[in-house]
Amino acid sequence: MSRTILHMDLDTFFISVERKKDSSLMNRPVLVGGTGNRGVVSAASYEARRFNVFSGMSMKMARMLCPEAIVIKGNAGVYADESRIVTEIIKERVPILEKASVDEFYADLSGMDKHFGCFQYASEIRQAVKKETGLPISLGLSINKTVSKVATGKAKPDNQINVTVGTEKPFLAPLAIKRIPMVGERTYHTLCNLGIKWVRNVQELPMEMMSSVLGKNGQTLWEKANAIDNSPVIEYHERKSISNERTFGKDTTDVSQLKTTIEAMAEQLTYQLRSGGKIAGCISVKIRYSDFNTYSKQTRIAYSSADHIMIPKVLELFESLYNRRLLVRLVGVKFSEIINGSYQLSIFENVEKTAQLYMGMDKIRNKFGARSVMRASTFGARSIGGIANPFNGEPPILLAHRTQ
């Protein structure tokens, strides 16, 4: 029995949420992202895209291409709340739901044709989302995730496409090869140099030839272009690492500012670990200098989520990595090798007192926000944030780097 996979995508999600809050933004070019010259565009309205503005572009370039655009910094918390509402609407109507990103969903409707017309049912779900949230959403329906995702992209904005069984390859054939989800800029240029610009070009080639050019990725690309994709709908995403990065508005050698920033990030990340009942076994620190050369260093530790263990290790890595002769553009902290567990305290510590201290601080943070309790040494880094528990099975919200 062939599968029936639904893909749904909220159209220009961040923009749509902002327009829901402020109707004066309707039909106007709007950008969400970092507001400074070093900011990055996280989302662009269709009106702004007519000026060749797109997500991932520097905000400085976007402003030059579309001077009349309205630029909004964006609020990850608001977007997360709206996303959760949409998730619940879809989740209660489908047997298996995968939340691929904050605005993108897969559902497995296989077998439901016995009771419903799947495309009609998917259409009803889409209308329910629109009615209950006021947000535009598009969908694609087919036998697998790849074809459904491509169909959704072709259906946008605010529309739907059903690719019936047996028509998958003809549906994909006339499309640009960039429509296949795994094809990024580098792969696209490689394929163009080989004269491969359309999906039909890949369909006409033997799989071995694609493999010889792109290795294992070549085989995967050939399969996707031929509508072969057996990947399942996965209900829960397990986070293996958490991280935080900050780009400075102006390159700096201010050691005090650098230390304040990375210490605040480490403090926030340890709070997130404890909120999710997790501990980490590896710490990494990253520095990007003004010449864009980027360096990182990591160390393994005894599994922990305690501030007084993690933060000194972060500062130690920073000290060994930082080159004081160069201006710094960006710093980052990452915790990885994450497993379930509670932080381990030394037998030489007052275990009960330390545990109660962390519990008390986290209780206040849970009620009043992550920065409601902070170390005096991190007081100057007020923009450090993030959701309290990133281990809820949902993918992270990707906004442009904030500036300090």
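Data block above holds the structure.
The structure displayed is predicted, hence computed values, not measured ones. For every chain, the first residue of the written sequence is number 1, and numbering continues from 1 onward in sequence order. At least 70 in pLDDT is required for a residue's local features to be given in this predicted model, at least 80 for side-chain atom pairs to be given and counted, and no such filter applies to totals for whole chains, interfaces and linings, which use all residues. Excluding hydrogens and water, the side-chain values take into account all heavy atoms of the structure.

Points on a 1 Å grid over protein atoms alone make up a cavity when a 1.4 Å probe fits among them but cannot get out, and a pocket when they form an open set with protein on both sides within 12 Å along at least five of seven lines; lining residues each have an atom within 4 Å of a point. Grid points are joined across faces, edges and corners, and a volume is the space filled by probe spheres set on the points. Of the volumes computed, that of the largest pocket is approximately 1400 Å³. In this structure, the largest pocket is lined by 35 residues; those nearest its centre are Asp-9, Arg-49, Ser-55, Lys-149 and Lys-156. Helical segments are the DSSP runs of H or I of at least four residues, strand segments are the runs of E of at least two, and each set is numbered from the N terminus. At the level of secondary structure, the elements contributing two or more residues to the lining of the largest pocket comprise strand 1 (5-10), helix 1 (13-21), strand 3 (41-44), helix 2 (46-49), strand 5 (96-101) and helix 6 (145-155). No other element matches helix 6, which puts four residues into the lining of the largest pocket. Under the scheme applied here, ten amino acids are nonpolar (Ala, Val, Leu, Ile, Met, Phe, Trp, Tyr, Cys and Pro), four are charged (Asp, Glu, Lys and Arg), and all others, including Gly, are polar. In terms of residue class, the lining of the largest pocket is made up of 17 nonpolar, nine polar and nine charged.

Attention shifts here to a nonpolar patch on the surface. Grouping into patches uses exposed residues only, defined as over 30% relative accessible area, and leaves out salt-bridged ones; the cut-off is 9 Å for like charges and 5 Å for nonpolar side chains (Val, Leu, Ile, Met, Phe, Trp, Tyr). The method behind every accessible area is Shrake-Rupley, applied with a 1.4 Å probe, and residues are considered shielded solely by the protein chains displayed. Should a side-chain nitrogen of Lys or Arg be within 4 Å of a carboxyl oxygen of Asp or Glu, the pair is scored as a salt bridge. Taken together, the side chains of Phe-51, Met-61, Met-64 and Leu-65 present a nonpolar region at the surface, about 360 Å² in accessible area. Residue exposure (1.4 Å probe, protein chains only): buried if accessible area is under 20% of the type maximum, exposed if over 50%, otherwise partly exposed. By relative accessible area, which is 33% here, Leu-65 ends up partly exposed.

In this section: the pattern of salt bridges. Taken as a whole, this structure holds 17 salt bridges when the rule is applied. The residue Glu-92 makes a salt bridge to Arg-93 at a minimum N-O spacing of 2.9 Å. For Arg-93, a relative accessible area of 25% gives the class partly exposed. Here Lys-286 and Glu-245 are joined by a salt bridge, their closest N and O atoms 2.4 Å apart. Linking Lys-286 in strand 10 (residues 278-289) with Glu-245 in strand 9 (residues 241-252), this pair joins segments that are 41 residues apart in sequence.

Each pair of strands is called paired provided DSSP finds at least two bridges between the two strands. Strands sit in the order 3-2-4 across an open sheet of three strands; the sheet is mixed. Strands with a single pairing partner mark the edges of an open sheet, and in this sheet they are strand 3 and strand 4 (70-72). Mean inter-strand twist for the sheet, computed between neighbouring axes without regard to direction, equals 25 degrees. Pairing of strand 2 (residues 30-33) with strand 4, which is carried by three bridges, proceeds in the parallel orientation. Across the sheet, the residue bridging to Leu-31 is Val-71, located in strand 4. Note on contacts: a residue pair qualifies if any of its non-hydrogen atoms lie within 4.5 Å across the two residues. Lines fitted to C-alpha atoms define the axes here, with helix axes fitted over just the stretch in contact, and angles between the N-to-C directions of these axes take values from 0 to 180 degrees. Of the strands in this sheet, strand 2, strand 3 and strand 4 touch helix 1, which is tilted by about 110 degrees from strand 2.

Read from one edge of the open sheet, four strands run 9-12-10-11, paired in antiparallel fashion. Each edge of the open sheet is held by one strand with a lone partner, namely strand 9 and strand 11 (294-304). Within this sheet the neighbouring strands show an average axis-to-axis angle of 15 degrees, counted without direction. By the bridge criterion, eleven bridges tie strand 10 to strand 12 (residues 328-340) in an arrangement that is antiparallel. Residue Ile-283 lies in a different strand from strand 12, and its bridge partner there is Phe-335. Its contacts with the sheet put helix 12 (residues 255-275) on strand 9, strand 10, strand 11 and strand 12, and the angle it makes with strand 9 is roughly 160 degrees.

Keep in mind these values describe shape, not function.
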